[in-house]
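Summary of the model geometry
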Amino acid sequence: MTTSNEAGTDTPRAALVVVANRLAVERTTAADGSAGWQTSPGGLVTALVPIMQAKDGAWVGWHGAPDEELEPFHHDGIDMIPVALSAGEVEEYYEGMSNATFWPLYHDSVAFPEFHREWWDAYVAVNRRFAEAAASAADDNGTVWVQDYQLQLVPSMLREMRPDLRIGFFLHIPFPPSELFQQLPWRRAVLEGLAGADLVGFQVPGAATNFLNLLRRRLGWDTHRQEFVRPDGSRGRAAAYPISIATQAFEDLANSPEVVERAAQIREDLAAETVFLGVDRLDYTKGLRQRVRAFGELFTSGELDPEKVVFVQVATPSRERVEEYKRLRDDIELLVGRINGDSGQLGRPPIHYLHQSFPRDEMAALYRAADVMVVTPLRDGMNLVAKEYVACRSDNDGALVLSEFAGAARELKQAWQVNPYDIDGMKEAILAAGRAGKQETRRRMRALRKQVATHDIDHWAETFLADLDAI
Ligand code: GDG
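Residues numbered from 1 in each chain as written. Predicted model: local features only at pLDDT ≥ 70, side-chain atom pairs only at ≥ 80, totals over all residues. Heavy atoms only, no water.

Here's the deal with the overall build of the protein chain
In terms of regular secondary structure, the protein chain is built from 16 helices and 18 strands. For 471 residues, the compact-globule formula gives about 23 Å, and the C-alpha radius of gyration of the protein chain, at 23 Å, lands near that figure. Principal-axis analysis of the C-alpha atoms places the extent of the protein chain at approximately 70 × 55 × 40 Å. Across the 471 residues in the protein chain, those meeting the buried criterion constitute 55%. Counting only contacts in the protein chain whose residues sit at least 6 apart along the sequence, the fraction spanning at least 24 positions is 72%. Carbon together with sulfur atoms contributes 47% to the accessible area of the protein chain, which is approximately 19,800 Å² in total. The centroid of the 50 positive side-chain charges in the protein chain is displaced by 7 Å from the centroid of its 69 negative side-chain charges. (Helix = DSSP H or I, 4+ residues; strand = E, 2+ residues; numbered from the N terminus. Rg over C-alpha atoms; globule rule 2.2 N^0.38 Å. Buried < 20%, exposed > 50% of the residue type's maximum accessible area, 1.4 Å probe, protein only. Contact = heavy atoms within 4.5 Å. Areas by Shrake-Rupley, 256 points an atom, 1.4 Å probe, with all protein chains shown as cover. Lys, Arg positive; Asp, Glu negative; His and termini not counted. Charge placed at Lys NZ, Arg CZ, Asp CG, Glu CD.)

If you want it as C-alpha cells, here you go:
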C-alpha cells in the first residue's frame, strides 16, 4: 500500500517486504511494441505473491537492466521497488563477488573462488543500497525477508537502520563448513551481516550447524542449540527450512491434455526403449562433466545400447559472461560431440544435448516422457528439478537417480542415491535405475511423491514466516 511517510513523500510502506537480487517481475513487449511487466514464473515468486498481496507487500530488487533508474510501481497487488545497478556494479557485485567468489566458495570450492577487494567494496555498497530501499519501504514493526547470497550484509545493515523490524534471511545455496568459509578475507563481516537477522534459514540442518559453529569459533558468540547471542545480548535463531515447489501446480500441468500429448510425441520422436533425462542450468556445480562421462562410458562399453537408449540433457544457458561457465560449456560440448561421434549412428545420437531454455509445459512433458531422471550435482542447496520430476509422475512411474550432495537427498530418500564423484558407482546406479522392475520403481516413486505432496513451497514460506513471527 502507498501511504505518506513522516517525510511526506509517497514512499510505499509495507507490512511485509521481500528483498531479493531480482525483482519479482520481468519486462514484456506487447505486439504493438509497448513495454510492460509480467510476474516472474519462478517458484519463490509464485509462493510469495499471494502472501504479499494479503499483507500489502513490497518487493525490493534489481529489475535486470544496468544503468537505469526506475520509480517504484505497483504490479499484481505488490509494490515493486527497483534498485538501480550500474554496469560496473553488475560486473563487480553480481558476476564477481556473488557468482565468482561466494557461489564457488559455498559449493565446496568445486571451482576456484576469486577474492578481489574491489569486488568486495562493490558488494558492500550494493548491499547498503538494498538495505536502504528496504528500510524506507517497511512499515513500523514490519517484517523484512531477505533472500540469498547476493545480500548477506543486508540483515545487519537493516537492523542498524530500523531496529523495530523483524528480519528474516534465507540462503538458497549451501553454507560451507568452517574449513572452507575461513578462506574468505571478509568472513567476519559476512557472519555479522547474516546474524543481523532474527531468523537465518538454510536448506539443511548441517548448514545451520556450520553457521552456528562459525559464530562461536570465529566471533566468540554464545550459542545454545539453534539460538545465538549477539554482543549486545539480543538473540537470533538459525535453522533449516528445506525449500520446495508448487507441487499441485506441476502435477496439474503434467496431467493437462496438451502436456500428455507432447510427452507422447517426445517418446515417438526419440524412438527409444529407455529415455534418461538431465535438466540443469549449465553450471559447474551440477556435475555435468562427470554425468556425461558416465553415460559416455556406458554407451561405449555397450552396457547401454545406443540403439535402444537415449540420454537427453537440457543445459539451460546461465551466467554466460563468467569465464568458468564459458569453459564448462566448451568442455561439455567437446565431450558430447566425442561420445556421439564414437557411439552414434546416422539419425541416432545417443546423447541429445540442448543448450536452450524451454517453457514450463515443455519441461513438464520432458519429465513425463523420461523413464529415469538423473540429478547428480557435486553440491546443491536443494535442487528443485528432482522435486519437479517427482511431482509430474502421478502415474507413480519413473526412477530418480539423485546425488547425495543435493539438499534434496535428505528428503528424497527412496531415490537411487549416488556419490557424483564416483563415476563407477554412478554408472551402476544409472543401470540399476534403468533396469528396475515396475514394482520397485513404483514403490519408490509413491514414497517420493508423498514427501513432495506434503512439503510444498507454500508449506516452506508459511513455516518460515510463522517461525519468524514467533520470535
Ligand atoms: C538455486 C540453488 C535451490 C531450468 N531450466 C529451465 C527451467 N529451469 C528451472 C527448473 C527449476 C529451476 O530452474 C532450477 O532450480 P534448481 O533448484 O534445480 O537449481 P538453481 O537454479 O541452482 O537454484 C538450488 C534453488 O536455488 C531454490 O532454493 O534448490 O539448490 O542452487 O525450477 O525447472 N525452467 C524452464 N525452462 C528451462 O529451460 N521453464
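Continuing now.
A few points about the domain arrangement of the protein chain
Once the domains are mapped, the protein chain shows domain 1 (2-243 + 459-470) and domain 2 (247-454). Computed over C-alpha atoms only, the centres of domain 1 and domain 2 are separated by 31 Å. Carbon and sulfur atoms supply 61% of the area that domain 1 and domain 2 bury against each other, a total of about 1,600 Å² over both sides. For the interface between domain 1 and domain 2, the tally reads two salt bridges. Notably, a salt bridge pairs Asp108 with Arg379, separated by 3.0 Å at the nearest N-O pair. Where domain 1 meets domain 2, there are six residue pairs in polar contact (both at pLDDT 80 or more). (Domains from an automatic or database assignment. Buried area = accessible area lost by both parts, 1.4 Å probe. Salt bridge = Lys/Arg side-chain N within 4 Å of Asp/Glu carboxyl O. Polar contact = N/O pair within 3.5 Å; in protein donor to acceptor, adjacent residues only side chain to side chain.)

Overview of the environment of Gly220
As for its position among the elements, Gly220 is in the loop between helix 7 (205-219) and strand 10 (222-224). Through-space distance from the C-alpha of Gly220 to that of Arg230 is 9.7 Å; in sequence the pair is 10 residues apart.

Side note on the packing of helix 9 (residues 257-270) against helix 12 (residues 360-369)
The geometry of helix 9 relative to helix 12 is characterised by a closest axis approach of 8 Å and an angle of 60° between their N-to-C directions. The pairing of helix 9 with helix 12 is recorded here as oblique in orientation. Relative to helix 12, the crossing made by helix 9 is right-handed. Between helix 9 and helix 12, the residues in contact are Val259, Val260, Arg262, Ala263, Ile266 and Arg267 and Asp361, Glu362, Ala364, Ala365, Leu366, Arg368 and Ala369, respectively. Taken together, the residues of the contact of helix 9 with helix 12 sort by class into eight nonpolar, no polar and five charged. (Axes fitted to C-alpha atoms, helices over the stretch in contact; angles between N-to-C directions. Parallel < 35°, antiparallel > 145°, perpendicular 65-115°, else oblique. Left-handed = near helix turned anticlockwise from the far one by under 90°. Nonpolar A, V, L, I, M, F, W, Y, C, P; charged D, E, K, R; others polar.)

Let's talk about the sheet that holds strand 10
Strand order in the open sheet formed by 10 strands is 5-6-4-1-7-8-9-12-11-10, and the pairing between neighbours is mixed. Pairing within the sheet leaves two strands with one partner each, and these edge strands are strand 5 (73-75) and strand 10. Direction aside, the axes of adjacent strands within the sheet are offset by 25° on average. With five bridges connecting them, strand 7 (residues 138-147) and strand 8 (residues 166-170) associate as parallel partners. When the sheet's bridge partners are listed, Val144 is paired in strand 8 with Ile167. Packing of helix 3 (residues 117-137) onto the sheet brings it into contact with strand 1 (14-22), strand 4 (57-62), strand 6 (78-83) and strand 7, and relative to strand 1 it is tilted by some 160°. (Pairing = 2+ DSSP bridges.)

Regarding the pairing of strand 7
The buried fraction of strand 7 is high, at seven of 10 residues. Bridge count for strand 1 against strand 7 is five bridges, and the pairing is parallel. Among the inter-strand pairings, Val18 is bridged to a residue of strand 7, identified as Trp145. As for the winding sense of the linkage, the β-α-β connection from strand 7 through helix 4 (residues 154-161) to strand 8 is right-handed. (Right-handed = clockwise from strand over helix to strand, strands pointing away.)

A word on the sheet that holds strand 17 (residues 399-403)
Whenever strands of a sheet pair, they do so through backbone hydrogen bonds, lying parallel or antiparallel. Strand order in the open sheet made by the six strands is 15-14-13-16-17-18, with parallel pairing throughout. Looking at which strands have only one partner, the edges of the open sheet turn out to be strand 15 (351-354) and strand 18 (416-418). With direction set aside, neighbouring strand axes in the sheet form an average angle of 20°. Here four bridges tie strand 16 (residues 372-375) to strand 17, and the two strands are oriented parallel to one another. Within the sheet, the bridge partner assigned to Val374 lies in strand 17 and is Val401.

Considering helix 9
The end-to-end C-alpha distance of helix 9 is 20 Å, a good match for the 20 Å that 14 residues give at a rise of 1.5 Å each. Looking at helix 9, one finds that the buried residues are Val259, Ala263, Ile266 and Leu270. Here the buried residues of helix 9 occupy an arc of 60° about the axis, which is enough to place them on one side. Exposed side chains of helix 9 directed beyond 90 degrees from the buried face belong to Pro257, Glu258, Glu261, Glu268 and Asp269. Buried residues along helix 9 sit against helix 8 (247-254), strand 13 (274-281), strand 14 (309-316), strand 15 and helix 12. (Expected span 1.5 Å × (residues − 1). Arc of directions from axis to C-beta.)

Quick word on the site of the ligand
If you check the shell around the ligand, you find 21 residues, and the closest are His172, Thr316, Phe358, Asp380 and Glu388. Measuring from a nitrogen atom of the ligand, one finds a backbone N or O atom of Phe358 at 2.5 Å. Between the ligand and Asn383 there is a distance of 2.9 Å, counted from an oxygen atom to a backbone nitrogen or oxygen. About the coverage of the ligand: the protein hides 80% of its 730 Å² of free accessible area. Mapped by element, the contributors of at least two residues to the shell around the ligand are helix 12 and helix 13 (384-391). Looking at side-chain class alone, the shell around the ligand contains nine nonpolar, seven polar and five charged residues. (Near = heavy atom within 4 Å.)

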